[in-house]
Amino acid sequence: VSTMNAKISSEGEEEASGMRNEALGESGHFGEAKRRQVIRVAYVIAALDLTFLFMQMGVVPYLAKSLGLDSVGFGYLQTTFGVLQLVGGYIFGRFADQFGARAALILSCASESVFFLLVSLSTSIPLLFLSRLPGVFMHGIPGAQKVITDLTTPSQRAGALGKLGLCFGVAIIAGSALGGVLSTKLGLYVPAYVGLVGSLINTLIAMVWIPSQTKPKSDHQVTEHSTPRSGSLFSIREILRLMKFPGVMEIFIVKVFAGLPIGLFMIMFSIISMDFFGLEAVESGYLMSYFGVLQMVVQGLVVGKLASHFTEMTLLRLSVFVFAGVGLGMALMRTVWHYCIIAVPLMFAFSMLATVTDSILTKAVPSSDTGAMLGICASVQPLTRTVGPTIGGVLYKQFGVSSFGYLQLMVNLVLFVYLLKSKIPLGEMKS
């Protein structure tokens, strides 16, 4: 009987494996080599997407100033974009779940094309504000994350998602340098022209190289308990439903609050670099390039290796603990050289926290909801950008730079104790 049961179990596993391979296309569409190729294409799309955005990001303040927009108006412009990204993150994720990762990536790249077209036509302040509207659907990183999540096993996911940070580092360096050179040599609108052409090429790459179905067919056969109950692209009830899965709310709270103080600091960094560090514009550019190199090293060489040797909860606790140490360092720093030293553990903690929490949260919900979960995760940074200027401005004006460090230290010490004492019910959600 034992032998017969083992044989039946083996045959069942072979049949399930065959169904999955067929769904993934090994019998005709694409196998392991094709799967890796599609993931690499997703990395390329994400790197180009971020490069064009960083290229434009450094030029926008000068473009706004040339159109007569003051610092207060520029703050409103940034807040407008942050709110649009905040609202659009979850909508984009739901769109990816309902129509597939390929359609979502095409939508993101096409929206970016419209964005650059409108920027290139922005000869007045109203047109400049109008150019922010496509930001609702500009979510290249969550789109690439959706492709990677669909094509990786849970054990591979953290390492694969971590490599997206390498794309981020490349984009910071290349985008900042290109934006500065093009705008200085050829004019303020040239980066927008280059971004328009590049984003159109990105759209074609997504259309040609990303398959129409990246998720195995078996993953769509979810139970009635786990399927989305609403067909609309935005539903508060759906967000609350996802938050009720075991461990999701706890991990999401850690994700939001662990990085909030440093997010406030980074929003105020342009002012801090001038007033506190006394840096010129060129020196600030060098500092951003330094961050880009650190991001590439940490994401490319460190995160993936640690993810293959330690559990995700261990790495989450480690990142929060390192964040607390970074807070202490920030509270005591006095020069830009101190900050360059602190930036090493800061980049490690920031990258590890983002990668591990995204991996945990996508595995804690059904595969039919991974896009929505990634969209919710992607809304964390726009939320910080929306409320950050007000909170960060008050902290900096009333208490100085050290206040960001003390806040970082206290918040992450509380979160570290919470992670040590609480038993968060985590488990991989089966379709």
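Here the structure is shown first, and the text comes after it.
Just so it is clear, the structure is predicted and the values come from calculations on it, not from any experiment.

(A) Representation of the packing of aromatic side chains in the model. Overall, the coordinates contain 11 aromatic pairs when judged by the stated rule. Ring plane angle 85° and centroid distance 5.4 Å describe the contact between Phe54 and Phe168, whose orientation is recorded as edge-to-face. Of this pair, Phe54 sits in helix H2 (residues 32-57) while Phe168 sits in helix H9 (residues 164-186), and the two are 114 residues apart along the sequence. On the basis of relative accessibility, which here comes to 13%, the residue Phe54 falls in the buried class. Accessibility expressed as a relative area gives 30% for Phe168, which makes it partly exposed. With centroids separated by 4.7 Å and ring planes inclined at 35°, the aromatic side chains of Phe95 and Phe99 adopt a geometry described as tilted.

(B) Quick peek at the nonpolar core. In terms of nonpolar packing, the biggest core is built from 62 residues, with Phe265, Leu316, Tyr339 and Phe404 touching the most fellow members. With 15 residues, helix H17 (residues 336-364) is the largest single contributor of residues to this core. Other than its neighbours up to four places away in sequence, Tyr339 contacts Phe265, Met266, Phe269, Phe277, Leu287, Phe291, Met333 and Leu346. Of all hydrophobic cores here, the second largest spans 23 residues; its members include Ala47, Ala144, Leu151 and Leu164.

(C) Region of the structure containing the environment of Ala104. Among the secondary structure elements, Ala104 is positioned in helix H5 (residues 101-120). Discounting chain neighbours no more than four positions away, the residues touching Ala104 are Phe92, Phe95 and Ala96.

Calculation rules
- Residues numbered from 1 in each chain as written.
- Predicted model: local features only at pLDDT ≥ 70, side-chain atom pairs only at ≥ 80, totals over all residues.
- Heavy atoms only, no water.
- Phe/Tyr/Trp six-rings, centres within 6.5 Å; stacked < 30°, edge-to-face > 60°.
- Helix = DSSP H or I, 4+ residues; strand = E, 2+ residues; numbered from the N terminus.
- Buried < 20%, exposed > 50% of the residue type's maximum accessible area, 1.4 Å probe, protein only.
- Core = buried A, V, L, I, M, F, W, Y, C linked by side-chain atoms within 4.5 Å.
- Contact = heavy atoms within 4.5 Å.

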